[in-house]
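# Results of the structural survey
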Amino acid sequence: MIRNRIVALLFRTSILIVIVLGLLNNFGVFRGTFTWGALMFYTVQSNILGLVLFCILLFRTIRDITQKGPRGPAGYFARFEFVCTVNLLLTLAVYWLLLAPQPFAMTENSSIWSFANLSVHLIAPLGCLIDYILFTKSKKLKYPDVYKVLIFPFAYLAFASIAGLLGYTYHPATGATSHYPYPFMDYDKVGIQALVYIAGIALALLAVGHLLYLFDQKIKKPQLLG
């Protein structure tokens, strides 16, 4: 565990900038538009969750630097960060394992190795994981936290499903229209099999949550740069 708030400040500022730029890019701001339809994607919503997390972490880091000095612990709200980290790791896993091989893109001219793609599908999730590992204290989690990782994804699932039933989703990468943003949850095309995919993703979330929980409980982090 790194006990240096300056290191935490620099790292969190860097990840926050990447998340902001990635979201603006995927909303189409740099192309002179603003596409509200981007909110249909779990990637965008989970990155907004990451944005909230890093804003909170950055605020607390700056406050502690000014009030307590640059040396000392920089881990805050470990249980909330744990949930956010697992939810962002879902973005990483689903994209690279299920969507990228198809291929799949949220925006026009967004190649797999573009900043718009890497920022939200790789850098932001890994940034959350690295921050959680480097700065949070061990044994801060409680076992029920493992199951709280399902709250945000299921809230998104309800949102996307209701939106699909009420209208359609414009897919900017292909120009096609679909009622659902992801092929594995397209009830119109895959039917009841979508529930199998969703159940599999939920189990994977719980598996990752359990792994991080065991890491938190069993691994005592060495203190560095204190």
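Located above this text is the structure these notes cover.
Remember, it's a predicted structure, so these values are computed and weren't measured experimentally.

Scoring rules and cut-offs
- Residues numbered from 1 in each chain as written.
- Predicted model: local features only at pLDDT ≥ 70, side-chain atom pairs only at ≥ 80, totals over all residues.
- Heavy atoms only, no water.
- Helix = DSSP H or I, 4+ residues; strand = E, 2+ residues; numbered from the N terminus.
- Buried < 20%, exposed > 50% of the residue type's maximum accessible area, 1.4 Å probe, protein only.
- Contact = heavy atoms within 4.5 Å.
- Areas by Shrake-Rupley, 256 points an atom, 1.4 Å probe, with all protein chains shown as cover.
- Lys, Arg positive; Asp, Glu negative; His and termini not counted.
- Charge placed at Lys NZ, Arg CZ, Asp CG, Glu CD.
- 1 Å grid on protein atoms, 1.4 Å probe; cavity = no way out; pocket = protein on both sides within 12 Å on 5 of 7 lines; lining within 4 Å.
- Points joined across faces, edges and corners; volume = space filled by probe spheres on them.
- Salt bridge = Lys/Arg side-chain N within 4 Å of Asp/Glu carboxyl O.
- Disulfide = S-S within 2.5 Å.
- Nonpolar A, V, L, I, M, F, W, Y, C, P; charged D, E, K, R; others polar.

## Here's the deal with the overall build of the protein
Looking only at helices and strands, the protein features eight helices and two strands. Its helices and strands taken in sequence order, the protein reads α-α-α-α-α-α-β-β-α-α from the N to the C terminus. Principal axes of the C-alpha set define a box for the protein whose edges measure 55 × 40 × 30 Å. Looking at the protein residue by residue over its 226 residues, the buried ones come to 48%. Pairs at least 24 apart in sequence give 79% of the contacts found in the protein among residues at least 6 apart. Summed over its atoms, the accessible surface of the protein is roughly 11,200 Å², and 71% of this surface lies on carbon and sulfur atoms. Mean positive and mean negative side-chain charge positions of the protein (18 and 8 charges, respectively) differ by 16 Å.

## Focus on the side chain of Asn 47
Inspection of the secondary structure assignment puts Asn 47 in helix α2 (residues 42–68). For Asn 47, the residues in contact, after removing those within four places along its chain, are Ile 19, Leu 23, Leu 88, Ser 119, Val 120 and Ala 124.

## Structural notes on the environment of Asn 25
Of note, Asn 25 is situated in helix α1 (residues 5–27). Of the residues examined, Asn 25 reaches a relative accessible area of 18% and is grouped as buried. Along the backbone, Asn 25 and Gly 209 are 184 residues apart, and their C-alpha atoms lie at a distance of 30 Å. Not counting chain neighbours up to four residues away, the residues in contact with Asn 25 comprise Phe 30, Arg 31, Phe 115 and Ala 116.

## Here we look at the environment of Ile 6
Inspection of the secondary structure puts Ile 6 in helix α1. When the C-alpha positions of Ile 6 and Phe 215 are compared, they lie 25 Å apart, and in sequence the two are 209 residues distant. Other than its neighbours up to four places away in sequence, Ile 6 contacts Ile 65 and Pro 70.

## Digging into empty space enclosed by the protein
Summed over all chains, the structure comprises one cavity of 30 Å³ or more. In this structure, the largest cavity is lined by 20 residues; those nearest its centre are Tyr 42, Leu 90, Tyr 156, Phe 184 and Ile 201. Every element with two or more residues in the lining of the largest cavity is listed here: α2, α3 (78–99), α6 (151–166) and α8 (193–218). Ranked by residues supplied to the lining of the largest cavity, first place goes to α3 with five residues.

## As for the pattern of salt bridges
If you walk through the whole model with that rule in mind, you get five salt bridges. When the shortest N-O distance is used, the salt bridge between Arg 79 and Asp 145 registers 2.9 Å. Of this pair, Arg 79 sits in helix α3 while Asp 145 sits in helix α5 (residues 145–148), and the two are 66 residues apart along the sequence. A residue is classified by how much of its surface remains accessible, and Arg 79, at 31% relative accessible area, is partly exposed. Note that Asp 145 and Lys 148 form a salt bridge whose closest N and O atoms lie 3.3 Å from each other. With a gap of three residues between them, Asp 145 and Lys 148 both fall in helix α5, about one helical turn apart. Taking relative accessible area as the criterion, Asp 145 reaches 2% and is therefore assigned buried. A relative accessible area of 35% places Lys 148 in the partly exposed class.

## Quick word on the state of the cysteines
Evaluation of the coordinates by the stated rule reveals zero disulfides. Here Cys 55 stays unpaired: no disulfide links it, and the sulfur of Cys 84, its closest cysteine neighbor, is 12 Å away. Overall, the relative accessible area of 39% leaves Cys 55 in the partly exposed class. Cys 128 provides the cysteine sulfur closest to Cys 84, a residue in no disulfide bond, and the two sulfurs are 6.6 Å apart. For Cys 84, a relative accessible area of 0% corresponds to the buried category.

## Quick look at the layout of surface pockets
In this model, the second largest pocket occupies a volume close to 160 Å³. Contributing to the lining of the second largest pocket are Val 86, Leu 89, Leu 90, Ala 93, Val 94, Leu 97, Leu 98, Gly 200, Ile 201, Ala 204, Leu 205 and Val 208. Mapped onto the lining of the second largest pocket, the elements with two or more residues apiece are α3 and α8. Here the element with the most residues in the lining of the second largest pocket is α3; it accounts for seven residues. Among the residues making up the lining of the second largest pocket, the classes are represented as 11 nonpolar, one polar and no charged.

In short, shape yes, function no, at least from these values alone.
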